[in-house]
Amino acid sequence: MMFVVWRILQYLLPFLEKEQYNLSSACRLNPENNMFKDQELQKDNVRPSQWQCLYCKKTFRSEDYLDKHMDNRHYAMLDLNSKRCLADICGAVHCDHADSVAKATTKKRCNRAAVIKNKHLCEALANECFPSKEGATALRLNEFFLRQFCDSHTCDGSAKHFPRGSGRRKNKSLYMALCLFVIILLGIFYLAVYLYQRDMNGDASSLKRLRQHPILKAQKSKKF
Ligand SMILES: [Zn+2]
């Protein structure tokens, strides 16, 4: 559950980078304020399906397995002095939603009191991390945060989570590259089929022409 908040942060980071905005130390979303900071720094994504624990060099197939390993084996490395656990703000930023998407669990009934509480928590978080008095960028990000995370704290079921997309540009470009690769592969395949067909037709017509050649015709009639 707690690491899901980290994923939410990873989701936010490209937007913050684009605006060249640094989270202040007062903001609970600031990774510097987080007790998991050290553990996160010891995670290495070697390849798309290979994650390594830099404490003990063990490798895992997914980040989830590595997170569980961190929980079980390297609990002592948690920075308990920071006393700031992202799980406290989990409800505000829908990590329950991200978690349920990951696990494909069924929808629960809406708890109106919890929804109102989370909405307030979410709005407080927006003001804490993007104080509108800081200027135009902070104001824009504040609005963005409200639309992305806080608006969907409602029981009517119509509001969408993360309406502005996943924000993971890296995955998108990988997807685009894969699409392009498949298109090129298909192109090569059809070109090969076309050339093969053309060659076959060419052979057939030249054979026909050869058969109709006067010398061959003369030889044929001699045989009979
Ligand atoms: Zn380890």
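Rules used throughout
Residues numbered from 1 in each chain as written. Predicted model: local features only at pLDDT ≥ 70, side-chain atom pairs only at ≥ 80, totals over all residues. Helix = DSSP H or I, 4+ residues; strand = E, 2+ residues; numbered from the N terminus. Buried ≥ 20, exposed ≤ 12 C-beta atoms within 10 Å, placed from the backbone. pLDDT = per-residue confidence, 0-100. Contact = placed C-beta atoms within 7 Å. Pairing = 2+ DSSP bridges. Axes fitted to C-alpha atoms, helices over the stretch in contact; angles between N-to-C directions. Arc of directions from axis to C-beta. Parallel < 35°, antiparallel > 145°, perpendicular 65-115°, else oblique. Left-handed = near helix turned anticlockwise from the far one by under 90°. Nonpolar A, V, L, I, M, F, W, Y, C, P; charged D, E, K, R; others polar. UniProt positions renumbered as here; feature names shortened; annotations may be inferred. Core = buried A, V, L, I, M, F, W, Y, C linked by C-beta atoms within 7 Å.

Helix and strand content of the protein: eight helices and three strands. The secondary structure elements of the protein, listed N-terminal to C-terminal, are α-α-β-β-β-α-α-α-α-α-α. Counting only residues that meet the buried cut, the protein has 16% of its 224 residues in that class.

Attention now goes to the confidence of the model for the protein. Mean pLDDT over the protein works out to 78, with 69% of the residues at or above the 70 mark. Here residues 166-170 is a poorly scored stretch, pLDDT under 50, and it has six contacts once near neighbours within four places are set aside; other chains count.

One face of the sheet, then the other: side chains in a regular strand alternate in exactly this way. The sheet contact formed by strand E1 (residues 43-47) and strand E2 (residues 50-53) spans four bridges and is antiparallel. Paired with Arg 47 across the bridge in E2 is Gln 50. The antiparallel pairing of E2 with strand E3 (residues 59-60) creates a hairpin that spans five residues between the two strands, and Lys 57 there sits at a positive phi of about 70°.

A word on the sheet that holds E1. In space, the three strands of this open sheet follow the order E1-E2-E3, with antiparallel pairing throughout. On the outer flanks of this sheet lie E1 and E3, each paired with one strand and no other. Taken strand by strand, helix H3 (residues 63-73) contacts E1, E2 and E3, and its axis lies near 15° from that of E2.

This part is about H3. Along H3, the residues classified as buried are Leu 66, Asp 67 and Met 70. The buried residues of H3 all sit within an arc of 105° when viewed along its axis, so they share a single face. Set apart from the buried face of H3 by more than 90 degrees, the exposed residues are Asp 64 and Asn 72.

What follows is about the packing of helix H5 (residues 112-129) against helix H6 (residues 136-150). Direction vectors running N to C along H5 and H6 enclose 155°, while the axes themselves pass 9 Å from each other. For the element pair H5 / H6, the angle class is roughly antiparallel. You can see that H5 and H6 cross each other, and the crossing is right-handed. Listed contacts from H6 to Lys 119, Cys 122, Glu 123, Ala 126 and Asn 127 of H5 are Asn 142, Phe 145, Leu 146, Phe 149 and Cys 150. Of the residues that constitute the contact of H5 with H6, the class distribution is six nonpolar, two polar and two charged.

Turning our eyes to something else, we now look at the UniProt feature "transmembrane region" (unreviewed entry) in the protein. UniProt tags residues 174-196 as "transmembrane region" (unreviewed entry). In residues 174-196, the share of helix is 100% and the share of strand is 0%. The end C-alpha atoms are 33 Å apart.

Core analysis: the biggest nonpolar cluster contains 16 residues, and Val 93, Cys 122, Leu 125, Ala 126, Cys 129 and Phe 145 have the highest contact counts within it. Among the elements of the structure, helix H1 (2-18), H5 and H6 are those that each provide at least two residues to this core.

Let us now look at the UniProt feature "domain: C2H2-type" (unreviewed entry) in the protein. Per the UniProt record, "domain: C2H2-type" (unreviewed entry) is found at residues 51-74. Secondary structure across residues 51-74 comprises 46% helix and 21% strand; the distance between its end C-alpha atoms is 15 Å.

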